[in-house]
Amino acid sequence: MIRSDIRSLSAYHVPDSSGLVKMDAMENPYPLPEGLRDEWVRLLGTCDINRYPDADMPELRRRIAEREGLQANQVLIGNGSDEIIQMLLMAADQGPCAVPKPTFVMYEGIAKWLKRPIASMPLKADFSLDAKAFLNMCAREKASLAFLACPNNPTGNMWPRADVQHIADNFRGLLVIDEAYGPFATDTYRDMIGRNVLLLRTFSKLGLAGLRLGYALGDAELIAELNKVRLPYNINILTQLSATFFLGHYEVFEEQAKQICLERERMRTTLEALDKVKVFPSQANFLLLRVADANAVFDGLKQAGILIKNLHAKGSLLEGCLHVTIGTPEENERFANALKELI
Ligand SMILES: Cc1ncc(COP(=O)(O)O)c(C=O)c1O
């Protein structure tokens, strides 16, 4: 009844975090300011939950476009950017989907569900990308779609502007620049949007992961084609109402993102002072670390009440690597102190 290749997959695993300090999911650790929370809750009480949500979301698309300096018809909204990745993999021309490796796991995960081949280019040991080799691979494999997460997850680094521009100019297929971690980075590649370049953004890392709202920005014609594979009513009424409301208070989330960047740099300085930890450069809301025994450190942190991500796989580029999401100052201190005890 179920395809054998699907039966051989594992479901996306979300570890149980009850009772633990949650530093594993690239979330913003700060809650909504109280006054804003009250206002939002009152607003939710006004929605007509008996009705289907607005299917085309012109107002929400207009508000997002306004923020991004584009037109409403250049915005496609998804139930998280995950859903847009799925739409792209459904709609793109036949041919492999090109990705660096390691990168965000859902590109390859969704490609597998849809039986789309993947062409991956291993990063160098310092997690940099050889842009020329990537382009050569795209040409050789006849890739029709490519994803470049800028900054990259799980490595946290940003591909240099000149490299991304070179790929955008020379790739024959559709290039998707995924700026999920854009709010924590020093540059944006939004200006590269064009005939074959699309940008992905999300509200998730900014403090609204629970909403499930992501969007693509691109050429109006391209957006109109992708919109054909969007499920009707993909964004529920509560999310639509909330997103429109929070767009009016965007500065709250920008301020929190600034705090997270400051904390990231403070945490980097603290961890770099430990000689048994290698800290990789990050422009995201997390740090990638390498330690001698990642499994033991991960387990020890869990026992100390802290949940992070263990990316260790023997023989892989991520051997010995741990991934920690930046928390509040207190959480970061607790993490750093626990780590010092474990290495
Ligand atoms: C690079 C990247 N893109 C997209 C996503 C998906 O974000 P969401 O579906 O929450 O919008 C993530 C989530 O971790 C990510 O790391």
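This text goes with the structure placed above it.
Residues numbered from 1 in each chain as written. Predicted model: local features only at pLDDT ≥ 70, side-chain atom pairs only at ≥ 80, totals over all residues. Heavy atoms only, no water.

*Asks:* Looking at this structure, I do not really get the overall build of the protein chain. What am I missing?
*Replies:* Helix and strand content of the protein chain: 13 helices and 13 strands. Relative to the compact-globule value of 20 Å for 343 residues, the protein chain shows a C-alpha radius of gyration of 20 Å, a close match. Across its three principal axes, the protein chain shows a C-alpha extent of roughly 55 × 55 × 50 Å. Taken over 343 residues, the protein chain has a buried fraction of 50%. In the protein chain, of all internal contacts separated by at least 6 residues, the share reaching a separation of at least 24 is 70%. (Helix = DSSP H or I, 4+ residues; strand = E, 2+ residues; numbered from the N terminus. Rg over C-alpha atoms; globule rule 2.2 N^0.38 Å. Buried < 20%, exposed > 50% of the residue type's maximum accessible area, 1.4 Å probe, protein only. Contact = heavy atoms within 4.5 Å.)

*Asks:* I'm lost on the nonpolar core in this one. Help?
*Replies:* Soluble globular proteins: nonpolar side chains tend toward being buried together. Ranked by internal contacts, the top residues of the largest apolar core, which has 90 residues, are Phe134, Leu271 and Phe335. In terms of residue count, helix H11 (residues 250-272) provides more of this core than any other element does, seven residues in total. Each residue touching Leu271, except ones within four places of it in the same chain, is listed here: Val277, Val279, Leu287, Leu289, Phe335, Ala336 and Leu339. Counting residues in each nonpolar core, the second largest holds 24 residues, with Ile84, Met87, Cys97 and Ile223 among its members. (Core = buried A, V, L, I, M, F, W, Y, C linked by side-chain atoms within 4.5 Å.)

*Asks:* Is there a simple way to explain the pairing of strand E7 (residues 197-202) in this structure?
*Replies:* Where a strand is regular, its side chains alternate between the two sheet faces. Counting buried positions along E7 gives six out of six residues, so the element sits mostly inside the fold. Of the two faces of E7, the one lined by Val197, Leu199 and Arg201 and the one lined by Leu198, Leu200 and Thr202 are each fully buried. Looking at chain direction, strand E6 (residues 174-178) and E7 are connected through four bridges and run parallel. In the sheet register, Val176 faces E7, and the bridge partner there is Leu198. Looking at chain direction, E7 and strand E8 (residues 214-217) are connected through four bridges and run antiparallel. In the sheet register, Thr202 faces E8, and the bridge partner there is Gly214. (Pairing = 2+ DSSP bridges.)

*Asks:* Explain helix H3 (residues 58-68) here, please?
*Replies:* Residue pairs spaced three or four apart in an α-helix point in one direction, given the helix's 3.6 residues per turn. Buried residues of H3: Leu60, Arg61, Ile64, Ala65 and Glu68, and no others. In a view along the axis of H3, the buried residues occupy a sector of 135°, so they form one face of it. Lining the buried residues of H3 we find strand E2 (75-78), E7, E8 and helix H10 (237-247). Residue Gly69 follows H3 closely and has a positive phi angle near 70°. (Arc of directions from axis to C-beta.)

*Asks:* Help me understand the side chain of Asp24, please; the structure alone is not making it clear to me.
*Replies:* Tracing the sequence through the fold places Asp24 in the loop between strand E1 (21-22) and helix H2 (34-44). Separated by 2.8 Å, the side chains of Asp24 and Lys22 make a polar contact. Those residues in contact with Asp24 that lie beyond four places of it in its chain are Pro15, Leu307, Ile308, Lys309 and Thr325. (Polar contact = N/O pair within 3.5 Å; in protein donor to acceptor, adjacent residues only side chain to side chain.)

*Asks:* Even after reading the chapter, I still don't get the site of the ligand, so can you show me in this structure?
*Replies:* Taken together, 15 residues are adjacent to the ligand, and Ser81, Asp178, Thr202, Ser204 and Arg212 come closest. Between an oxygen atom of the ligand and a main-chain N or O atom of Asp82, the distance comes to 3.0 Å. Within the side chain of Lys205, an N or O atom sits 2.8 Å from an oxygen atom of the ligand. Within the complex, 94% of the 400 Å² of free accessible area of the ligand lies under protein. Within the residue set of the shell around the ligand, elements represented by two or more residues are helix H4 (81-91) and helix H8 (204-208). Among the residues forming the shell around the ligand, the class breakdown is six nonpolar, five polar and four charged. (Near = heavy atom within 4 Å. Areas by Shrake-Rupley, 256 points an atom, 1.4 Å probe, with all protein chains shown as cover. Nonpolar A, V, L, I, M, F, W, Y, C, P; charged D, E, K, R; others polar.)

*Asks:* Quick question: what am I supposed to make of the sheet that holds strand E9 (residues 278-279) here?
*Replies:* Hydrogen bonding along the main chain pairs the strands of a sheet, whether they run parallel or antiparallel. The antiparallel open sheet is built from four strands, whose spatial order is E9-E10-E13-E12. In this open sheet, the two edge strands, each paired with only one partner strand, are E9 and strand E12 (309-310). Bridge count for E9 against strand E10 (residues 286-290) is two bridges, and the pairing is antiparallel. Its bridge partner lying in E10, Lys278 is registered against Arg290.

*Asks:* Honestly, a nonpolar patch on the surface in this entry has me stumped. Any pointers?
*Replies:* Taken together, Met1, Ile2, Ile6, Leu9, Met90, Trp113 and Leu114 make up a surface patch of nonpolar side chains, about 710 Å² in accessible area. As for its position among the elements, Met90 is in helix H4. (Patch = residues over 30% accessible without salt bridge, like charges linked within 9 Å, V, L, I, M, F, W, Y side chains within 5 Å. Salt bridge = Lys/Arg side-chain N within 4 Å of Asp/Glu carboxyl O.)

*Asks:* So what exactly am I meant to see when it comes to the sheet that holds strand E3 (residues 97-101) here?
*Replies:* Here we have seven strands laid out as an open sheet, ordered E2-E8-E7-E6-E5-E3-E4, and mixed in their pairing. Strands with a single pairing partner mark the edges of an open sheet, and in this sheet they are E2 and strand E4 (118-122). On average, each strand axis in the sheet is inclined to that of its neighbour by 25°, with strand direction left out of account. Lying over the sheet, helix H5 (residues 105-113) contacts E3, E4, strand E5 (145-149) and E6, oriented at roughly 155° with respect to E4. (Axes fitted to C-alpha atoms, helices over the stretch in contact; angles between N-to-C directions.)

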